Amino acid sequence: DSTSDLDLGTVEFGAEVKFHEWVTGNFLLKGEELDGDDDRVFWDEATITIQKEGFPLYFVGGKRTQPFGVFNTHTINDPVTQDCYEICKSGATLGFTYDPIGLDISATVYKGEELMGHLEEAEYGNERNTAGGYEETDDVSSWIGNITIAPVEGLTLAAYFDSETGDGDNNETAGGMFEYQIGMFTIDAEYIGAINREDKGDGEEHKESAWLGAVACQVMDPLEIALRYEGYDDDISGDQDGHLEDRYILGVNYTLFEKDDFATTLMLEYRRSNYEKESG
């Protein structure tokens, strides 16, 4: 009957290994809820990248967060787009880069129906219909297309598309992001939404979507203040109890120590989430 909680949320240990001039390995070991009954320790990332400096083609193979969504954040908790649409799965990516304009075009294949499962686990209102006896596929039939470009200093744009096998129809999702750094400010925006969805059994596809807008201000060298608004649309008529509507987040970050690639930062966050409430 406890009314409060305190636990160790996440611990990560990462390593980058240079096997060869062209071959780099990235490994991230993660532990979650380590003082609870459901503690998990697992490899969140284990990849090999093959890329020769100055050569435009590259290959990335292994388990990682695949290049669908960008999920920039200056606060502690993940943005709603990451909650819903992150694809962390073993895959293979072939890409092309052109450094003068920060261009990166890639195509990725992975197996299974990871995005739809992740969207359901977010518990914001999207559930799959299994009453018809549909069983998820585990073939290497899912794929991602991604294009990122940085045409001018401080500006980054990206667009991405994902397709997974579904119950009758493919589940297709697309999104885009915008980031602009100017002076002490960083402005972020991201939108991801369904283009096509399998029938959930009620004759409707329910093309859900999630989005965010954020601004971070480097007030002084060690102090940053961030504000983010994010929303979710379940595309279901009427109000459903417990389905997320929107969220406001205020974050304050203070860098205690920084040297080379190492930094210690104290982070504080306030979140307010609003949910739908069924009439009556």
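The shown structure was predicted, so the numbers you read here are calculated from the model rather than taken from an experiment.

Student: When you look at the pattern of salt bridges in this model, what are you seeing that I'm missing?
Tutor: Any two side chains of opposite charge can pair if their charged atoms end up close together. Following the criterion strictly, the structure yields 8 salt bridges and no others. Note that Arg 40 is salt-bridged to Glu 32, the shortest N-O span being 2.5 Å. Overall, the relative accessible area of 43% leaves Arg 40 in the partly exposed class. Between Glu 208 and Arg 197 there is a salt bridge; the shortest N-O distance is 2.8 Å. Pair noted here: Glu 208 is in the loop between strand 10 (185-196) and strand 11 (209-218) and Arg 197 is in the loop between strand 10 and strand 11, with a separation of 11 residues, a long-range link. Shared partners join several salt bridges into a network, and the residues in it are Glu 12, Lys 30 and Asp 44.

Student: I'm lost on helix 2 (residues 114-121) in this one. Help?
Tutor: Given 3.6 residues to a turn, an α-helix orients residues that are three or four positions apart in the same direction. For helix 2, the full list of buried residues reads Leu 115, Met 116, Gly 117, His 118 and Leu 119. Residues of helix 2 that are buried make contact with helix 1 (80-85), strand 8 (155-164), strand 9 (171-182) and strand 12 (223-233). At the exit of helix 2 stands Glu 123, carrying a positive phi of roughly 60°.

Student: Help me understand the pairing of strand 6 (residues 103-110), please; the structure alone is not making it clear to me.
Tutor: For a regular strand, side-chain orientation follows a simple rule: the groups alternate between the two sheet faces. Alignment of strand 5 (residues 88-98) against strand 6, held across 8 bridges, turns out to be antiparallel. In the sheet register, Gly 91 faces strand 6, and the bridge partner there is Tyr 110. Between strand 5 and strand 6, which follow one another and run antiparallel, lie 4 residues, and Gly 102 among them has a positive phi close to 60°. In this sheet, strand 7 (residues 142-149) lies alongside strand 6 in antiparallel orientation, the contact comprising 7 bridges. Pairing of Ile 105 across the sheet is with Ile 147, part of strand 7.

Student: So what exactly am I meant to see when it comes to a negative patch on the surface here?
Tutor: Taken together, the side chains of Asp 5, Asp 7, Glu 33, Asp 35, Asp 37, Asp 38 and Asp 39 make up a negatively charged region of the molecular surface. One can find Asp 37 in the loop between strand 2 (23-32) and strand 3 (40-51). For Asp 37, a relative accessible area of 79% translates into the label exposed.

Student: Can you walk me through the environment of Ser 163 in this structure?
Tutor: Considering the arrangement of structural elements, one finds Ser 163 in strand 8. The spatial distance from the C-alpha of Ser 163 to the C-alpha of Asn 196 is 9.2 Å, given a sequence separation of 33 residues. Non-local contacts of Ser 163, meaning those with residues more than four positions away in its chain, are made with Ser 141, Ser 142, Trp 143, Asn 170, Asn 171 and Glu 172. Looking at Ser 163, its side chain comes within polar contact range of the side chain of Asn 170, at 3.5 Å.

Student: Sorry, what's going on with the side chain of His 243 here?
Tutor: Inspection of the secondary structure assignment puts His 243 in the loop between strand 12 and strand 13 (244-259). Among the residues examined, His 243 registers a relative accessible area of 14% and is labelled buried.

Student: Could you clarify how one ought to interpret the nonpolar core in this entry?
Tutor: Note that soluble globular proteins tend to have their nonpolar side chains buried in a common cluster. Ranked by internal contacts, the top residues of the largest apolar core, which has 20 residues, are Phe 68, Cys 84, Tyr 85, Tyr 124 and Tyr 232. Of all the secondary-structure elements, those providing two or more residues to this core are helix 1, helix 2 and strand 8. Once residues lying within four places of it in the same chain are set aside, the contact partners of Cys 84 are Leu 115, His 118, Leu 119, Ala 122, Tyr 124 and Tyr 232.

Student: Looking at this structure, I do not really get the layout of surface pockets. What am I missing?
Tutor: Gaps left between atoms show up when a probe the size of a water molecule is rolled over them. Empty space within the largest pocket amounts to approximately 1400 Å³. Residue lining of the largest pocket: 32 residues in total, with Lys 30, Glu 32, Asp 78, Gln 82 and Glu 86 positioned closest to the centre. The computed volume of the second largest pocket comes to approximately 200 Å³. Lining the second largest pocket are 15 residues, with Tyr 58, Val 60, Arg 64, Pro 67 and Asp 104 sitting closest to its centre. Those elements giving two or more residues to the lining of the second largest pocket turn out to be strand 3, strand 4 (57-65), strand 5, strand 6 and strand 7. With 4 residues, the top contributor of residues to the lining of the second largest pocket is strand 4.

Student: How should I be thinking about unusual backbone geometry in this particular structure?
Tutor: Working note: non-glycine residues mostly have negative phi, and peptide bonds are mostly trans. A positive phi is found at Glu 33, a non-glycine position, where the angle reads about 50°. Assessed through its relative accessible area of 43%, Glu 33 is described here as partly exposed. Not every positive phi belongs to a glycine, and Glu 123 is a case in point at roughly 60°. Its place among the elements puts Glu 123 in the loop between helix 2 and strand 7. Glu 123 sits in the exposed class, given a relative accessible area of 66%.

How each quantity is defined
Each chain carries its own residue numbering, running from 1 in the direction its sequence is written. Two thresholds apply to this predicted model, a pLDDT of at least 70 for residue-level local features and 80 or more for giving and counting side-chain atom pairs, whereas whole-chain, interface and lining totals are computed over all residues. Processing note: side-chain calculations cover all non-hydrogen atoms of the structure and skip hydrogens and water entirely. Take a side-chain nitrogen of Lys or Arg and a carboxyl oxygen of Asp or Glu: if they are within 4 Å of each other, that pair is a salt bridge. Burial classes follow relative accessibility: with a 1.4 Å probe on protein chains only, a residue under 20% of its type's maximum area counts as buried, one over 50% as exposed, and anything between as partly exposed. Runs of H or I in DSSP of at least four residues are treated as helices and runs of E of at least two as strands, each being numbered from the N terminus. Any two residues whose heavy atoms approach within 4.5 Å are treated as being in contact. The pairing criterion is simple: DSSP has to find at least two bridges between the two strands. Residues with no salt bridge and a relative accessible area higher than 30% make up the patches, which join like charges within 9 Å and nonpolar side chains (Val, Leu, Ile, Met, Phe, Trp, Tyr) within 5 Å. Areas reported here follow the Shrake-Rupley algorithm with a probe of radius 1.4 Å; residue values treat only the protein chains shown as occluding. Charged residues are defined narrowly, with Lys and Arg counted positive, Asp and Glu counted negative, and His plus the chain ends left uncounted. Every charge is mapped onto a representative atom, which is NZ of Lys, CZ of Arg, CG of Asp or CD of Glu. Polar contact is the term for a pair of N or O atoms within 3.5 Å; when the atoms are in protein, one must be able to donate a hydrogen and the other to accept it, and sequence-neighboring residues count only if both atoms are side-chain atoms. To qualify as a nonpolar core, a set must consist of buried Ala, Val, Leu, Ile, Met, Phe, Trp, Tyr and Cys residues joined through side-chain atoms within 4.5 Å. Buriedness of a pocket was judged along seven lines, with at least five required to meet protein on both sides within 12 Å; pockets are open sets of points on a 1 Å grid over the protein atoms alone, cavities are sets where a 1.4 Å probe fits but cannot get out, and lining residues have an atom within 4 Å of a point. Grid points are joined across faces, edges and corners, and a volume is the space filled by probe spheres set on the points.

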